[in-house]
Each structure stands twice: as structure tokens, then as C-alpha cells.
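Okay, here's what each chain looks like letter by letter:
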Amino acid sequence: MGGLDSTGATYKAPTTVLTLSTVCKQAVAVWKTECIKTSNKEAQQKVEDFLCLFNTAFPAELGRTAIDTRLQMQRNKDVQLPSKSDIQKLVTYLRRNRRKYLNQVSNENCPNLLTSWKHLASYTLVSMMVFNRRRPGELERITLNDYARLRSAGNITQSVGNLRSDEDTELAKRYKRFEIRGKLNRTVSVLVNFEIEMCLNLIIKRRKDVNVPCDNPYVFGIPSSDHRYKYLRAYILIREYANLCGAAQPHLLRGTHLRKQVATECAVHDLADNVIKDVANFMGHAIDIHDNIYRMPVESRDIVRMSQILEMAQGAGNCSEDDDSGDEAVDLVRAISNEGNTPIATVTDIQPSTTKSKRPVVEEENEIFEESGSNSHVENSQ
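Source: prediction; values computed, not measured.

Here we look at helix 1 (residues 14-37)
Over its 24 residues, helix 1 runs 36 Å from end to end, which matches the ideal 34 Å to within 8%, given 1.5 Å per residue. Those residues of helix 1 that fall on the buried side of the exposure criterion are Pro-14, Val-17, Leu-18, Ser-21, Val-28 and Cys-35. Looking one or two residues past helix 1, Ser-39 carries a phi angle of roughly 55°, positive in sign.

Looking at helix 9 (residues 194-205)
Between the first and last C-alpha of helix 9 there are 16 Å, a value that for 12 residues agrees with the 16 Å anticipated at 1.5 Å per step. Where the residues of helix 9 are buried, they touch helix 3 (84-106), helix 4 (113-132), helix 6 (144-148), strand 2 (175-181) and strand 3 (187-193). Its side-chain oxygen placed 3.2 Å from the backbone nitrogen of Glu-195, Asn-193 serves as the N-cap of helix 9.

Focus on unusual backbone geometry
For Arg-133, which is not glycine, the phi torsion reads 55° and is therefore positive. Along the chain, Arg-133 turns up in the loop between helix 4 and helix 5 (136-140). One non-glycine residue, Leu-184, adopts positive backbone phi at about 60°. With respect to the helices and strands, Leu-184 occurs in the loop between strand 2 and strand 3.

Concerning the packing of helix 4 against helix 9
Contact geometry for helix 4 and helix 9: axes closest at 10 Å, N-to-C directions at 140°. When the axes of helix 4 and helix 9 are compared, the pair comes out oblique. Handedness of the helix 4/helix 9 crossing: left-handed. Residues Trp-117, Leu-120, Ala-121, Thr-124, Ser-127 and Met-128 of helix 4 touch helix 9, and the partners they reach there are Ile-196, Cys-199, Leu-200, Leu-202 and Ile-203. A breakdown of the residues in the contact of helix 4 with helix 9 according to their chemical character gives 9 nonpolar, 2 polar and no charged.

Some details on the pattern of salt bridges
Inspection of the entire model under this criterion finds 16 salt bridges. Among the ionic pairs, Glu-195 bridges to Arg-98, the shortest N-O distance being 3.1 Å. Taken as a pair, Glu-195 in helix 9 and Arg-98 in helix 3 lie far apart in primary sequence, 97 residues in all. Summarising the burial analysis for this pair, Glu-195 and Arg-98 share the class buried. We note a salt bridge from Glu-140 to Arg-233, for which the minimum N-O separation is 3.3 Å. Linking Glu-140 in helix 5 with Arg-233 in the loop between helix 9 and helix 10 (234-244), this pair joins segments that are 93 residues apart in sequence. Since its relative accessible area comes to 38%, Arg-233 is described here as partly exposed. Because the salt bridges share partners, they merge into one network encompassing Arg-98, Arg-99 and Glu-195.

A few points about the sheet that holds strand 1 (residues 151-152)
Ordered by their spatial adjacency, 3 strands build an open sheet running 1-2-3, and the pairing between neighbours is antiparallel. Every other strand in the sheet has two partners, leaving strand 1 and strand 3 as the edge strands with one partner each. With 7 bridges connecting them, strand 2 and strand 3 associate as antiparallel partners. Paired with Phe-178 across the strands is Val-190, a residue of strand 3. Packing of helix 9 onto the sheet brings it into contact with strand 2 and strand 3, and relative to strand 3 it is tilted by some 100°.

Focus: the nonpolar core
In this structure, Met-128 and Phe-220 are the most contacted members of the largest nonpolar core, which totals 46 residues. Elements that contribute at least two residues to this core include exactly helix 3, helix 4, strand 2, strand 3, helix 9 and helix 10. If we skip the residues at most four places from it in the chain, Phe-220 touches Ala-121, Thr-124, Leu-125, Met-128, Leu-139, Glu-140, Ile-142, Leu-200, Ile-203, Lys-230, Tyr-231 and Leu-232. Counting 6 residues, the second-largest nonpolar core is a separate cluster that includes Tyr-11, Leu-18, Phe-54 and Phe-58.

Regarding the packing of helix 3 against helix 9
Working note: a packed helix pair is described by the angle between its axes plus the distance between those axes. One can describe the packing of helix 3 onto helix 9 by two numbers: an axis separation of 11 Å at closest approach and a directional angle of 40°. Relative to helix 9, the element helix 3 is oriented oblique. Note that helix 3 runs across helix 9; the crossing there is left-handed. Counted together, Arg-95, Arg-98, Arg-99, Leu-102, Val-105 and Ser-106 of helix 3 and Glu-195, Ile-196, Met-198, Cys-199 and Leu-202 of helix 9 form the full contact between these two elements. Of the residues belonging to the contact of helix 3 with helix 9, the class tally is 6 nonpolar, 1 polar and 4 charged.

Overview of the packing of aromatic side chains
According to the stated counting rule, one finds 8 aromatic pairs in the structure shown. Judged by centre distance (6.0 Å) and plane angle (55°), the ring pair of Tyr-93 and Tyr-241 falls under tilted. Pair noted here: Tyr-93 is in helix 3 and Tyr-241 is in helix 10, with a separation of 148 residues, a long-range link. Both residues of the pair, Tyr-93 and Tyr-241, belong to the buried class. Judged by centre distance (5.4 Å) and plane angle (10°), the rings of Phe-131 and Tyr-175 are stacked. You can see Phe-131 sitting in helix 4 and its partner Tyr-175 sitting in strand 2, a full 44 residues away along the chain. Cluster of aromatic residues (ring-pair linked, three or more members): Tyr-93, Tyr-101, Tyr-123 and Tyr-241. Positioned over the ring face of Phe-282 is Arg-134, at 5.1 Å from the centre of the ring.

Criteria and thresholds
- Residues numbered from 1 in each chain as written.
- Predicted model: local features only at pLDDT ≥ 70, side-chain atom pairs only at ≥ 80, totals over all residues.
- Heavy atoms only, no water.
- Helix = DSSP H or I, 4+ residues; strand = E, 2+ residues; numbered from the N terminus.
- Expected span 1.5 Å × (residues − 1).
- Buried < 20%, exposed > 50% of the residue type's maximum accessible area, 1.4 Å probe, protein only.
- Contact = heavy atoms within 4.5 Å.
- Polar contact = N/O pair within 3.5 Å; in protein donor to acceptor, adjacent residues only side chain to side chain.
- Axes fitted to C-alpha atoms, helices over the stretch in contact; angles between N-to-C directions.
- Parallel < 35°, antiparallel > 145°, perpendicular 65-115°, else oblique.
- Left-handed = near helix turned anticlockwise from the far one by under 90°.
- Nonpolar A, V, L, I, M, F, W, Y, C, P; charged D, E, K, R; others polar.
- Salt bridge = Lys/Arg side-chain N within 4 Å of Asp/Glu carboxyl O.
- Pairing = 2+ DSSP bridges.
- Core = buried A, V, L, I, M, F, W, Y, C linked by side-chain atoms within 4.5 Å.
- Phe/Tyr/Trp six-rings, centres within 6.5 Å; stacked < 30°, edge-to-face > 60°.
- Lys NZ or Arg CZ within 6 Å of the ring centre and 35° of its normal.

Listed below in C-alpha cells is the structure:
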């Protein structure tokens, strides 16, 4: 099922092999439980024997190959990140339409209220997702109780301390914060500005007018004809809006790519470790997952910074005549790549000579060989 090739060295689907291993162990555990319930000692012993053989044989024969194949695929995978211009186009598109439907829903006599209300809720949801870089499932399931705990920075700093600068004060006036449930039951924060707050308040205010069930606990809940609590789906909406905003690469405007873009920006701007830790906590990441999974390698950073360190390590500061990073090396490369117009024999003339003699190199080598031979003859005679 994993697509093992004829050589037995690689899999087409290595994750399938590793998943089947987990499923087999779970099935064995269930069967062992049934044997214990029925007091079937013989079958229980067979199950334990099988599990012992499986734990020994699988890692050696299949598991290692699957892991190596998966790691190789991850290294060879070309991960692209959304450009800032595309992100700005999406943000502008969302803002323009959000304000349009905010004005319509604010009108008490709004025609087609349900349609306008859904559009307002949809654009508000995706706007929050793009700004906070939250997972789609986290934001679409925001509850009314979560939003009721919305607090401003002024309330928070009363117990923590004063703000440090005028810029911090301005940001504190512009944004508010509430907490929601994230992945693995982590508590993560959501920031909203005054305009998003106005949209959310209006969405909640007009829920009854569009027949959203009163017991629907979700802020982005929608009308339903059955007893299920339905809500807007953020991952469907962001795909639609990414195609409509005029982005050059709309397929990259997705939740995971946007989260990776933030993690990579932290590396590009060389932020301090404590700032990166705050970003990871805000996004609901463990710090090692943030660094190793979401943060993409930055080629320019590796080339510029590491080349300086490596050149310094090999003593590039004390450049000798054999230095391969100076103008002479550049001239050498240009001469070699001159489409064969320059004879290769003249290329060696670019390298500075370490001997004072201008005689051919072959003659000098012969003399050195003869001299070394005569010296060895004298030593042997002694």
C-alpha cells in the first residue's frame, strides 16, 4: 500500500506505511483486550507473540525505509510562501467588501438582510484569520462566551504596568484582545481593531433578525433547518476570496502558508529569541515546532551570514595570493567561460607565479626531480 519500489529502497507513500503500523498496534491492543475479557489465554499469548515480532521486525525492515523516504521528500519539497503584495491585495479586498456590507447591515430597513449579513460575517471572519494568522477551525468556532471576554490593553496594564512609548499607547487604543481554544487545548489570543469589533457587535446584534437559533453558541453561527449548530467555514471562504482579490498566486493564500510566512519573517528580520517565543505562543506553537516546521529556510540569510562566518573561519581576512574570492578569481572564471576564445594555456598566466624564474614549469620540475634524485643517491651512499 505504501508503493515500495522494486529495489526496496523508497516508498511512494511513506506516511501510509507509518500510519498502518500505528493502526496495527491499535488493532492488536483491542484484540488483546477481548482475549482478556473472554479469558482466552492461548489467543492472548499469540497476540503478545505477534506484537513482539512486529515491534522487532517492522522498525528494521519497513519503518526505517519509510522514515528515510519521508525525510527525503520533505527536503526535496519546494515550499512557496505568499508574497506581501498578494497578502496586501487580499487585505484590501476584504476591507473594501467588509465596509460595504457593514453599511448595508447597519441600515434597519436593509433589503436582503440575510445575504448582506452573511457577507459581512464572512468577510469579518476571513479578515480576522488573515490578520491573526489563526487556523481556520479556531476562528470559525469562536463562541459568544469567548467574545464576551474582550478586553482592551488599558484594562490589562492597570495590573501589569504602564506602556513604554507613545507607539505602544497608540496600539493599545487601536486593538483589543480575547482568548479562545487553540490546537491541543492551548489557550491562544485573538486581536481585533475597532472596525472588526464594530462588525462583530453588529453580527451578534442582528442574529435574531436572520433566524440564527438562540442556542447556537458560535459568533459566526448561521441559520439551520435542523438541530445542528452550523457556522461559517473559513477555509472555504478564504479560497474563494483569494481567487477574487486579484492575487498573482492565489493558491498560496491559505492558512498554513500565511502562518509559515509570519514565522519566516521573524527569521528574516532577525528578531530576538524572546520575541520569537512570544510569536510562537501567540500562534499556539511549541517553540521547536515553530522553528523547525513553520519557519522556512531563508536562502539569503544562509548565504550572506554563513558565508561570512565560514570565510572568517578559514582565515579569509588574511588573503594570500591563492585567495579564491578576489578579483583574480573573477577574472579566471570569466576567462574560462569566454566560449573558448581564450586558450586555456593563457588562463594559467592569471594565477600569480610563486617562482622567480620565467623558465617553463616542465623544466623546473625536471630539475627538482633530478636534484631530489641526486640527494637520495648521496644519502644512500652514506
